[in-house]
Amino acid sequence: MKILTVRRLRGPNVHLARPAVVARLDLGDLAGRETSDVEGFPERLLRVLPGLAEHHCAAGTPGGFVSRMRGGTYFGHVTEHVCIELSQLIGRDVSFGRTVSAGVPGQYDVIVECPADEAPGSLVPESLLSAAVELVLAVVTGSPAEPPLAELRALADRAATGPSTSAIIAAARRRGIPVERLADLSLLRLGWGNRRRLAWAAMTDRTGGVGIDIAGDKQITRELLSAAGVPVVPGGTATSATEAVGWLQRLGAPVVVKPRHGRQGENVVLNLIDDAAVAEAFAGPGGEKVIERQLGGRDYRVLVVDAEIVAAAERIAAHVVGDGEHTLAELVELANADPRRGEGHARVLTRIRPDETLLARQGITLVTVPAAGREVWLRDTANLSTGGTSRDVTDRLHPDVARLCLRVAALVGLDVAGIDLRMPDIAEPLPPAGDPDEVTAGVIEVNAVPGLRMHLAPMQGRARDAGDAIVRAMFPAGSDGRIPTASVTGTNGKTTVARLAAHLLGGAGLRVGLTCTDGVSIDGREVYTGDATGPRSAQMVLGDPGVQAAVLETARGGILRRGLGYDWSDVGVVTNITGDHLGQDGLDSIEDVAHVKALVAERVKDGGTLVLNADDPWVRTLPERPRVRAQHKRIVWFGEDARQPVVAAHLAKGGAAYVLQDGWLVQAVGARRTLLMRVADLPGAFGGAAPCMALNALAAIATARAMGASQEVVLDRLARFDPPVHNPGRGTLLRCGQVALFMDYAHNPAALAATLRTLHRLYGPSRCLAVVTLPGDRRDDLIAASAQVLADGVARVVLHEDEDLRGRSPGEVAALVEREMRLRRPQMRTVRAADHREAVRSALEMAVPGDVLLVLYEKMAPMLSLLAELGAVPGDPGPAATRRSMVVSSIKE
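Bear in mind the structure is a predicted one, so any value in this text is a computation, not a measurement.

Moving on to helix H22 (residues 691–706). Given a rise of 1.5 Å per residue, 16 residues ought to cover 22 Å, and the 23 Å separating the end C-alpha atoms of H22 matches this to within 8%. One or two residues past the end of H22 sits Gly-708, with phi positive at roughly 105°.

Structure follows, in structure tokens:
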């Protein structure tokens with residue numbers, strides 16, 4: 001048994017609403033065998049992982065999985081449950097798993113949930129799956145089986161967000177604010193588009209660089225605050241051991257030596273009372289040092305966020321209390337066994353590492369057994385990062401101290417600040433600044449990126465939701481940080497609908513971000529070229545601070561391979577659902593395709609709008625799907641006829657629809673009808689010869705209106721839609737000499753049939769010829785069906801193949817298309833070309849004046865470049881074609 005591939009679903013997906021990992025598992029020698037075929041397997045596995053006894057499985061009750069193992073289940077299913085149990089044991093809170101056939105004998109897809117904010121590039125899922133496979137194999141063979149929990153736990157801790165970042169994420173999600181973690185950092189993007197904000201741990205994008213630099217320099221901070229009359233600890237800087245010793249003599253013992261630019265209590269040495277100790281501390285890491293008088297009293301931290309006091313805590317240095325039985329080393333080990341402690345900042349407390357120099361000053365070693373009740377201090381500094389703990393004192397904070405801390409944060413210039421103070425009691429006021437030699441309490445440091453752990457999970461006292469305070473400051477007045485967002489899916493027409501909807505929204509004064517098959521554009525300007533219908537391109541738009549509204553073309557491939565690039569949309573559009581892509585990614589039926597496309601409908605937010613094609617039988621089923629019905633969504637239908645039963649019933653209940661009626665695009669609400677534009681005047685509809693464009697326009701209008709664009713703006717922008725400019729490569733009509741060129745991306749039977757109907761209406765069947773290429777990743781029967789449609793629509797064809805053969809042999813697709821065409825139409829004339837350049841040139845040589853050449857392509861940019869090189873310019877159907885389309889349109893009406 002081995003893992004063949006692993007892919008991550010970064011957002012909502014067809015399995016669940018949270019991130020997941022999908023592993024393709026080859027059972028090898030275990031294919032066809034079940035757990036009941038391996039004597040003693042369930043019992044041996046339970047001895048290694050007793051927690052499996054609580055797994056429900058399909059039974060829905062604890063023990064369900066054990067029953068399945070004893071009755072016999074396949075080993076892919078077992079691997080799934082072992083992976084989940086290992087995740088739980090290392091503190092990775094996941095519970096969802098599913099195992100399904102991969103369509104190849106002996107191969108299965110194991111789907112396991114991932115934590116929402118685990119580092120995107122972490123190796124944790126792969127490592128867990130590998131450990132699960134190895135464990136199952138060991139139990140099968142009766143070999144020793146010991147899961148590497150310590151290594152897995154360390155890996156998971158490194159990939160997880162720390163407590164401070166987790167608190168901000170949790171607070172944002174409670175508010176419905178979208179959250180994206182960038183790489184394996186604590187850098188977060190909260191919100192979308194122009195409402196987007198950034199946070200890095202407790203630092204926000206409004207935290208000033210000057211304030212950060214001031215707080216990072218302990219001496220500058222002291223000087224700035226002192227000049228403002230803030231009581232600060234007396235001291236100064238030293239660049240040599242001699243200068244450091246000089247400060248001891250001026251200040252008097254004890255003193256503190258710390259790096260001028262240090263952080264988190266690193267290399268800070270306290271309780272220095274003689275020249276030798278000061279000189280030794282100066283020689284430690286950290287470069288230039290600050291020497292300060294060590295004040296008596298307690299260590300406090302006050303958290304200020306956006307000019308408000310959020311929390312105050314007393315910080316207590318790491319220590320243990322003797323019990324008269326255990327050695328000091330054993331007491332430390334017991335303290336570190338607390339599950340709240342971890343390495344670094346991974347958990348709310350940090351593991352303790354005793355300072356043996358400090359122990360020596362107390363006359364104790366790690367093998368000493370401290371007397372019962374004796375406090376043994378393990379570190380000088382009270383930082384949580386050195387193993388310290390905290391006690392919440394927010395409610396005891398004296399108003400004068402609170403006002404002083406607010407003033408300090410303002411003086412340094414920080415929106416989020418941690419003010420460190422040393423004083424006898426924070427419930428008493430600080431004495432005003434005066435003679436430095438008389439200072440007994442004051443500000444020690446200011447932190448620009450304060451840790452939140454001491455406030456989130458104090459050892460004593462009430463926890464304070466510091467993450468929520470930061471989120472409230474970043475998103476005032478209850479903002480959810482979202483921008484209007486539409487997601488467009490379907491088999492055909494989705495690129496045109498997305499482009500047209502973005503164009504219409506642009507008229508409302510919005511900077512629109514658009515993703516589609518050909519790239520990403522911001523405010524009408526292309527910023528990325530290539531297939532941009534997956535989650536990465538969606539995040540490209542949603543993460544752009546200039547975007548005020550987003551229209552995202554969302555394709556099947558991206559959904560299946562990576563999940564959605566967003567959590568919820570305001571509008572979901574489904575244009576149609578056909579059998580294209582059957583045989584790919586486990587899609588064996590149109591019902592499978594519908595299941596994938598339905599995700600876009602399911603992820604429309606409560607109160608959002610679903611724009612659905614009433615003429616498509618599969619689309620009509622979407623509102624009845626449980627996960628669509630779970631949200632209260634507004635349904636808007638579009639289609640050819642208001643009398644269609646689903647539309648008529650919807651309108652009878654006062655619903656809205658956009659339909660074609662008497663040659664017009666019409667808005668229907670209940671019994672009311674509003675004429676929007678004549679189909680004959682619609683750009684790209686060629687006087688009514690392209691009804692598919694009219695339907696696309698209806699879907700785009702419904703989308704723009706649902707996103708807040710006014711009817712007046714929509715109609716004005718619709719009239720100014722220029723297909724060659726705003727929708728290149730989709731029904732683009734050009735002219736090269738006396739031959740018309742019709743460039744389109746049609747690559748399946750339904751799209752080809754619609755395109756050819758348009759050309760027949762404009763030019764007549766006898767005038768049509770085509771340059772044809774079809775994608776090789778389609779099943780043979782789908783390619784054959786497309787070839788048959790072409791054979792019925794054109795008599796002359798030049799064939800070439802995509803540069804990307806998509807797993808096919810050279811010439812294989814062209815031969816299949818040619819064979820099917822000739823079977824359908826024996827007299828058909830076909831020519832083979834080496835590439836798209838030769839194919840277009842050959843077809844133009846074949847054409848006669850008055851012909852129309854249908855140009856199908858693999859990549860738009862190279863084809864447009866070639867056509868421009870050949871002198872093609874934007875064209876129109878011409879008077880004869882216009883008259884023919886008007887006749888067709890009037891007959892249809």
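Right, let's talk about the packing of helix H9 (residues 241–251) against helix H10 (residues 275–282) for a bit. As a packed pair, H9 and H10 sit with axes 9 Å apart at the nearest point and diverge in direction by 135°. The orientation of H9 relative to H10 falls into the category oblique. The chirality of how H9 crosses H10 is right-handed. For the pair formed by H9 and H10, the contact residues are Ala-241, Ala-244, Val-245, Leu-248 and Gln-249 on the first element and Asp-275, Val-278, Ala-279 and Phe-282 on the second. The residue makeup of the contact of H9 with H10, split by class, is seven nonpolar, one polar and one charged.

This brings us to the sheet that holds strand S4 (residues 107–113). Pairing within the open sheet is antiparallel, and its four strands lie in the order S1-S2-S4-S3. The sheet is open, and its two borders are formed by strand S1 (2–9) and strand S3 (97–101), each paired with just one other strand. The sheet shows a mean angle of 20° between the axes of neighbouring strands, direction not considered. Note that S3 and S4 share five bridges and pair antiparallel. Its bridge partner lying in S4, Thr-99 is registered against Val-110. Sitting on the sheet, helix H3 (residues 75–89) touches strand S2 (20–26), S3 and S4, and the angle it makes with S3 is about 160°. The sheet contacts of helix H4 (residues 124–141) involve S1, S2 and S4, and relative to S1 the element is tilted by about 150°.

Neighbouring strands of a sheet are bound in pairs by backbone hydrogen bonds; such pairs are parallel or else antiparallel. Here eleven strands make up an open sheet; going across it, the order is S25-S24-S23-S26-S22-S27-S28-S29-S30-S31-S32 and the pairing mixed. The open sheet is flanked by strand S25 (525–529) and strand S32 (672–678), the only strands paired with a single partner. Pairs of neighbouring strands in the sheet enclose a mean axial angle of 15°, with direction left out of account. As judged from the five bridges shared by strand S28 (residues 604–613) and strand S29 (residues 634–639), these two strands associate in the parallel manner. Counterpart to Thr-609 in the pairing with S29 is Arg-634. Those strands touched by H22 are strand S22 (485–489), strand S27 (569–574), S28, S29, strand S30 (656–661), strand S31 (664–669) and S32, and its axis lies near 155° from that of S30.

A full pass over the atoms with the stated rule returns three cavities of 30 Å³ or more. The wall of the largest cavity is formed by 15 residues, among which Thr-533, Gly-534, Pro-535, Thr-554 and Gly-565 lie closest to the centre. Those elements that place two or more of their residues in the lining of the largest cavity are helix H17 (535–542), strand S26 (549–553) and helix H18 (556–562). Within the lining of the largest cavity, the residues separate by chemical class into seven nonpolar, seven polar and one charged. What the second largest cavity holds in volume is close to 60 Å³. What lines the second largest cavity is simply Ala-215, Asp-217, Lys-218, Thr-221, Arg-222, Leu-225, Val-232, Val-443, Ile-444, Glu-445 and Val-446. For the lining of the second largest cavity, the elements supplying multiple residues, two or more each, are helix H8 (218–227) and strand S21 (442–447). Taken together, the residues of the lining of the second largest cavity sort by class into six nonpolar, one polar and four charged.

With 74 residues, the main nonpolar core has Val-551, Leu-665 and Leu-682 as its most contacted residues. It is H22 that provides the largest number of residues to this core, a total of ten residues. Those residues in contact with Leu-682 that lie beyond four places of it in its chain are Leu-665, Met-677, Met-693, Ala-694, Ala-697 and Leu-718. Counting residues in each nonpolar core, the second largest holds 44 residues, with Val-14, Ile-483, Val-547 and Val-647 among its members.

Let us look at the state of the cysteines. In protein structure, a disulfide is the covalent linkage between the sulfur atoms of two cysteines. Overall, the coordinates contain zero disulfides when judged by the stated rule. The thiol of Cys-114 is not disulfide-bonded; the next cysteine sulfur, from Cys-83, is found 8.3 Å away.

Another aspect to go through is the packing of aromatic side chains. We describe a pair of aromatic rings using the distance from one ring centre to the other and the angle between the two ring planes. Summed over all chains, the structure comprises four aromatic pairs. Look at Phe-41 and Phe-75: their rings are 5.3 Å apart centre to centre, the planes differ by 85°, and that puts the pair in the edge-to-face class. With Phe-41 in helix H1 (residues 41–48) and Phe-75 in helix H3, this pair connects stretches of sequence that are 34 residues apart. On the basis of relative accessibility, which here comes to 0%, the residue Phe-41 falls in the buried class. For Phe-75, a relative accessible area of 0% translates into the label buried. When the centroid spacing of 5.4 Å and the interplanar angle of 40° are considered together, the rings of Tyr-745 and Tyr-857 count as tilted. With a gap of 112 residues between them, Tyr-745 in the loop between strand S34 (739–744) and helix H25 (749–763) and Tyr-857 in the loop between strand S38 (852–856) and helix H29 (860–869) connect regions that are remote in the sequence. Tyr-745 sits in the partly exposed class, given a relative accessible area of 21%. The ring centre of Trp-568 lies 3.7 Å from the NZ or CZ of Arg-603, which sits over that ring.

Turning our attention to the pattern of salt bridges. By the definition in use, this model includes 53 salt bridges. The partner of Glu-118 in a salt bridge is Arg-92, with the nearest N and O atoms 2.7 Å apart. Of this pair, Glu-118 sits in the loop between S4 and H4 while Arg-92 sits in the loop between H3 and S3; the two residues are 26 residues apart in sequence, bridging distant segments of the chain. The salt bridge partner of Arg-808 is Asp-780, with a shortest N-O separation of 2.7 Å. Linking Arg-808 in the loop between strand S36 (796–799) and helix H27 (812–824) with Asp-780 in helix H26 (residues 780–793), this pair joins segments that are 28 residues apart in sequence.

Here Ala-150 shows up in helix H5 (residues 149–159). A relative accessible area of 54% means that Ala-150 is categorised as exposed. Sequence separation between Ala-150 and Pro-450 is 300 residues; the distance between their C-alpha atoms is 29 Å.

Moving on, we come to the pairing of S31. Relative to S31, S30 runs antiparallel, the two being bridged by six bridges. Counted as the bridge partner of Leu-660 is Leu-665 from S31. Hairpin connection from S30 to S31: two residues lie between these consecutive antiparallel strands, with Asp-662 at a positive phi of about 55°. Taking the residues between adjacent antiparallel strands as the criterion, S31 and S32 are bridged by two residues, where Gly-670 takes a positive phi near 60°.

We now examine the side chain of Ser-537. Within the secondary structure, Ser-537 is located in helix H17. Within the local environment of Ser-537, its side chain forms a polar contact with the backbone oxygen of Gly-534, the two atoms lying 2.9 Å apart. Not counting residues within four places of it along the chain, the set of residues in contact with Ser-537 comprises Thr-515, Val-520 and Ala-532.

Attention now moves to H25. Within an α-helix, residues lying three or four positions from one another point in the same direction, as the helix has 3.6 residues per turn. Between its first and last C-alpha atoms H25 spans 21 Å; for 15 residues at 1.5 Å apiece the expected length is 21 Å, and the two agree. For H25, the set of buried residues is Ala-751, Leu-752, Ala-754, Thr-755, Leu-756, Thr-758, Leu-759, Arg-761, Leu-762 and Tyr-763. Gly-764 sits one or two residues past H25 and shows a positive phi near 90°.

For Asn-383, the position within the fold is in the loop between strand S18 (375–377) and strand S19 (389–392). Each residue touching Asn-383, except ones within four places of it in the same chain, is listed here: Gln-264, Gly-265, Arg-315 and Gly-388.

Right, let's get into the pairing of strand S6 (residues 187–190). Residues Leu-187 and Arg-189 point to one face of S6 and Leu-188 and Leu-190 to the other, with burial holding for every one of them. With three bridges connecting them, strand S5 (residues 179–181) and S6 associate as antiparallel partners. The partner of Glu-180 across the bridge, within S6, is Arg-189. In the sheet, S6 pairs with strand S7 (residues 197–200) via four bridges, with the strands oriented antiparallel. Looking across to S7, one finds that Arg-189 is bridged to Leu-198. The antiparallel hairpin formed by S6 and S7 contains six residues in its connecting segment, where Gly-191 sits at a positive phi of about 85°.

Procedures and definitions
- Residues numbered from 1 in each chain as written.
- Predicted model: local features only at pLDDT ≥ 70, side-chain atom pairs only at ≥ 80, totals over all residues.
- Heavy atoms only, no water.
- Helix = DSSP H or I, 4+ residues; strand = E, 2+ residues; numbered from the N terminus.
- Expected span 1.5 Å × (residues − 1).
- Axes fitted to C-alpha atoms, helices over the stretch in contact; angles between N-to-C directions.
- Parallel < 35°, antiparallel > 145°, perpendicular 65-115°, else oblique.
- Left-handed = near helix turned anticlockwise from the far one by under 90°.
- Contact = heavy atoms within 4.5 Å.
- Nonpolar A, V, L, I, M, F, W, Y, C, P; charged D, E, K, R; others polar.
- Pairing = 2+ DSSP bridges.
- 1 Å grid on protein atoms, 1.4 Å probe; cavity = no way out; pocket = protein on both sides within 12 Å on 5 of 7 lines; lining within 4 Å.
- Points joined across faces, edges and corners; volume = space filled by probe spheres on them.
- Core = buried A, V, L, I, M, F, W, Y, C linked by side-chain atoms within 4.5 Å.
- Buried < 20%, exposed > 50% of the residue type's maximum accessible area, 1.4 Å probe, protein only.
- Disulfide = S-S within 2.5 Å.
- Phe/Tyr/Trp six-rings, centres within 6.5 Å; stacked < 30°, edge-to-face > 60°.
- Lys NZ or Arg CZ within 6 Å of the ring centre and 35° of its normal.
- Salt bridge = Lys/Arg side-chain N within 4 Å of Asp/Glu carboxyl O.
- Polar contact = N/O pair within 3.5 Å; in protein donor to acceptor, adjacent residues only side chain to side chain.

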